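Understanding the architecture of this molecule
Below, each chain spelled out in residue letters.
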Amino acid sequence: AQKVTQAQTEISVVEKEDVTLDCVYETRDTTYYLFWYKQPPSGELVFLIRRNSFDEQNEISGRYSWNFQKSTSSFNFTITASQVVDSAVYFCALGDNFNKFYFGSGTKLNVKP
Amino acid sequence: AAGVIQSPRHLIKEKRETATLKCYPIPRHDTVYWYQQGPGQDPQFLISFYEKMQSDKGSIPDRFSAQQFSDYHSELNMSSLELGDSALYFCASSFSGSGSNSPLHFGNGTRLTVT
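Read on for an overview of the structure. (Residues numbered from 1 in each chain as written. Chains lettered and ligands numbered in written order. Predicted model: local features only at pLDDT ≥ 70, side-chain atom pairs only at ≥ 80, totals over all residues. Heavy atoms only, no water.)

The next point concerns the sheet that holds strand β8 (residues 74-78) of chain B. All names here are of chain B. Pairing is antiparallel in the open sheet, where 4 strands are placed in the order β1-β3-β8-β7. If you trace the sheet from one side to the other, it starts and ends with β1 (5-7) and β7 (64-68), each paired once. Geometrically, the sheet is characterised by an average inter-axis angle of 15 degrees between neighbouring strands, direction not taken into account. The sheet contact formed by strand β3 (residues 19-24) and β8 spans 5 bridges and is antiparallel. By the bridge assignment, K22 is partnered in β8 with E75. (Pairing = 2+ DSSP bridges. Helix = DSSP H or I, 4+ residues; strand = E, 2+ residues; numbered from the N terminus. Axes fitted to C-alpha atoms, helices over the stretch in contact; angles between N-to-C directions.)

Laid out in structure tokens, this is it:
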């Protein structure tokens with residue numbers, strides 16, 4: 001069965017701190033896709049990144065970076081030098097080959113000035 | 001770039017009333033999804049359409065129905081509304097044709113409040 005676990009329900013940091021959001025997934029598929037979405041207080045869901053299961057190369061986009069490790073079934077998300085505008089709920093999701101998506105329960109990030 | 005458009009943004013209904021939510025996917029996207037997100041919860045999959053045909057069904061109540069029209073827009077119809085239906089309803093679209101599982105692009109959601 002497909003499953004995504006985000007063990008951190010809520011994290012609070014002070015601005016400029018680095019923070020890592022954990023995501024662990026379960027799947028028996030060899031081909032799958034991993035995603036991160038951001039949901040700010042305004043409510044919309046914003047797509048951040050997609051990785052496929054054959055590409056374990058880590059990715060950096062500005063202050064955001066993602067660490068994909070198949071050996072531990074993890075796809076962690078790090079924000080460097082956090083800012084107040086990063087405050088949001090972040091969802092990790094798993095997509096299978098049948099276009100089904102499985103969301104984690106989300107991690108609420110509070111960045112305090 | 002064009003995004004997924006949902007209407008209305010906010011909707012207030014009374015118990016036992018009906019509601020219709022609309023979604024206009026990104027042009028050339030062939031798959032539309034509907035999700036329900038309760039307070040403090042992750043989005044729950046309701047139903048999806050691929051090329052105007054229902055492709056998958058999730059935890060959608062029998063009181064709800066949806067369809068996708070010839071212009072690819074989709075509507076979620078909700079009848080006999082209950083207090084527990086109060087939630088944020090998202091529509092998302094993606095391009096599935098290549099089998100590459102493109103990301104879901106979400107609309108801004110419709111916040112439904114049932115009183």
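This paragraph deals with the interface of chain B and chain A. A common measure of how large an interface is: the accessible area buried when the components associate. Taken together, the contacts link 19 residues of chain B with 19 residues of chain A. Carbon and sulfur atoms supply 53% of the area that chain B and chain A bury against each other, a total of about 1,600 Å² over both sides. For the interface between chain B and chain A, the tally reads 1 salt bridge. A:K100 is the salt-bridge partner of B:D56, the closest N and O atoms lying 3.4 Å from each other. The interface formed by chain B and chain A contains 3 residue pairs in polar contact (both at pLDDT 80 or more). Listing elements by their share of the side of chain B that touches chain A, those giving two or more residues are β4 (31-37), β9 (87-94) and β10 (105-106) of chain B. Taken together, the residues that form the side of chain B that touches chain A break down as 8 nonpolar, 9 polar and 2 charged. (Contact = heavy atoms within 4.5 Å. Buried area = accessible area lost by both parts, 1.4 Å probe. Salt bridge = Lys/Arg side-chain N within 4 Å of Asp/Glu carboxyl O. Polar contact = N/O pair within 3.5 Å; in protein donor to acceptor, adjacent residues only side chain to side chain. Nonpolar A, V, L, I, M, F, W, Y, C, P; charged D, E, K, R; others polar.)

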